[in-house]
Amino acid sequence: MSKLDDSLADDPLKEIRRAATGLLARREHSETEIYRKLQKKGFAEENIQQVISVLTQEKLLSNTRFIENYVYFRRGKGLGPLRIQAELMERGIPKELIDHHMKITDNAWFAEVRDVWRKRFKNRMPADFKTRAQQMRFLYSRGFTSEQIESVFKQGFQE
């Protein structure tokens, strides 16, 4: 073992920090994600908590930044607010923080659902109930609210 390897073995906090910054170098993570990944590597809980606290103070780890990036990329994939909210909660983000950064009733989601519908169904309004139900199920699976989905069909019949 080299001297660097010896020094890392002597200080578990440095080893945990190196592992955490390696994960953060690839993409943003929530505090819970980093905690889980470090825990899987077999590091001690109290040491992980200590490193996460330091990384948060140094602004290298930020749940707020993670939420902003996550919402931006998932929205770009055509996912709605309910699905994104559920995925963020799975990643350990508190609902209050999600609500603060993601306005589910924002009018921009109405435009978003219309764009997703237009891309998938080529602007063809359903001719019958069965087709309409199929289109609605698709939009529900993407995570849009009932109100947002209904707006697609209301606007379509008014055009």
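Before any of the text, the structure's been laid out above.
Predicted, not measured: the structure shown is a model, and the values here were computed from it.

Asker: Whenever I open this one, the overall build of the protein chain confuses me. Can you help?
Answerer: Of the regular secondary structure elements, the protein chain holds ten helices and zero strands. Traced from its N-terminal end to its C-terminal end, the protein chain shows the element sequence α-α-α-α-α-α-α-α-α-α. Over its C-alpha atoms the protein chain spans a radius of gyration of 22 Å, topping by over 25% the 15 Å that the globule rule assigns to 159 residues. Taken along its principal axes, the extent of the C-alpha atoms in the protein chain is 70 × 30 × 20 Å. Going through the 159 residues of the protein chain one by one, you find that 37% of them count as buried. Across the protein chain, the fraction of contacts at a sequence separation of at least 24, relative to all contacts at a separation of at least 6, is 57%. With the model as given, the accessible surface of the protein chain reaches about 10,000 Å², and the carbon-plus-sulfur share is 51%. Averaging the positions of the 30 positive and the 23 negative side-chain charges in the protein chain gives two centres separated by 9 Å.

Asker: I tried to follow a positive patch on the surface on my own but got confused; where do I start?
Answerer: On the surface, Arg18, Arg26, Arg36, Lys37, Lys40 and Lys41 cluster together to form a positively charged patch. Mapped onto the positive patch, the elements with two or more residues apiece are helix H2 (12-26) and helix H3 (31-40). Sort the elements by how many residues they give to the positive patch and H3 lands first, with three residues. Along the chain, Arg26 falls in helix H2.

Asker: Would you mind showing me how to read the pattern of salt bridges here?
Answerer: Side chains carrying opposite charge are able to pair once their charged atoms draw close together. Following the criterion strictly, the structure yields ten salt bridges and no others. A salt bridge links Arg27 to Glu33, with the nearest nitrogen and oxygen atoms 3.4 Å apart. Overall, the relative accessible area of 39% leaves Arg27 in the partly exposed class. In this structure, Asp99 engages Lys95 in a salt bridge whose closest nitrogen and oxygen atoms are separated by 3.1 Å. Linking Asp99 with Lys95, this pair stays in helix H7 (residues 95-101), spanning four residues, or about one helical turn. Shared partners join several salt bridges into a network, and the residues in it are Arg27, Glu33 and Arg91.

Asker: What exactly am I supposed to notice about the side chain of His29 here?
Answerer: Locating His29 in the fold gives a position in the loop between H2 and H3. On the basis of relative accessibility, which here comes to 2%, the residue His29 falls in the buried class. Within the local environment of His29, its side chain forms a polar contact with the backbone oxygen of Arg27, the two atoms lying 3.0 Å apart. Beyond its immediate chain neighbours, meaning those up to four positions away, His29 contacts Leu23, Leu24, Ile34, Lys37, Leu61, Ser62 and Phe66.

Rules and cut-offs
- All residue numbers here refer to positions counted from 1 along the written sequence of the relevant chain.
- pLDDT decides what is reported in this predicted model: residues at 70 or higher carry local features, side-chain atom pairs at 80 or more are listed and counted, and totals for whole chains, interfaces and linings draw on all residues regardless.
- Water and hydrogen atoms play no part in the side-chain values, which are based on all heavy atoms of the structure.
- Here a helix means four or more residues in a row that DSSP labels H or I, a strand means two or more in a row labelled E, and each is numbered from the N terminus.
- This radius of gyration counts C-alpha atoms alone. The globule rule is 2.2 Å times how many residues there are, raised to the power 0.38.
- Burial classification: accessible surface area is computed with a 1.4 Å probe over protein chains only, and a residue below 20% of its type maximum counts as buried, one above 50% as exposed, and the rest as partly exposed.
- Contacts are assigned to residue pairs with any non-hydrogen atoms lying within 4.5 Å of each other.
- Methods summary: accessible areas were calculated by the Shrake-Rupley approach with a probe of 1.4 Å, and residue burial reflects only the protein chains presented.
- In this tally Asp and Glu are treated as negative and Lys and Arg as positive; neither His nor the chain ends contributes.
- To locate a charge, take NZ of a lysine, CZ of an arginine, CG of an aspartate or CD of a glutamate.
- Without a salt bridge and with relative accessible area above 30%, a residue can belong to a patch; like charges are then joined within 9 Å and nonpolar side chains (Val, Leu, Ile, Met, Phe, Trp, Tyr) within 5 Å.
- Any Lys or Arg side-chain nitrogen found within 4 Å of a carboxyl oxygen on Asp or Glu counts as a salt bridge.
- Each polar contact in these results corresponds to two N or O atoms within 3.5 Å; when the atoms are within protein, one needs to be able to donate a hydrogen and the other to accept it, and residues that are neighboring in sequence are counted only if both atoms are side-chain atoms.

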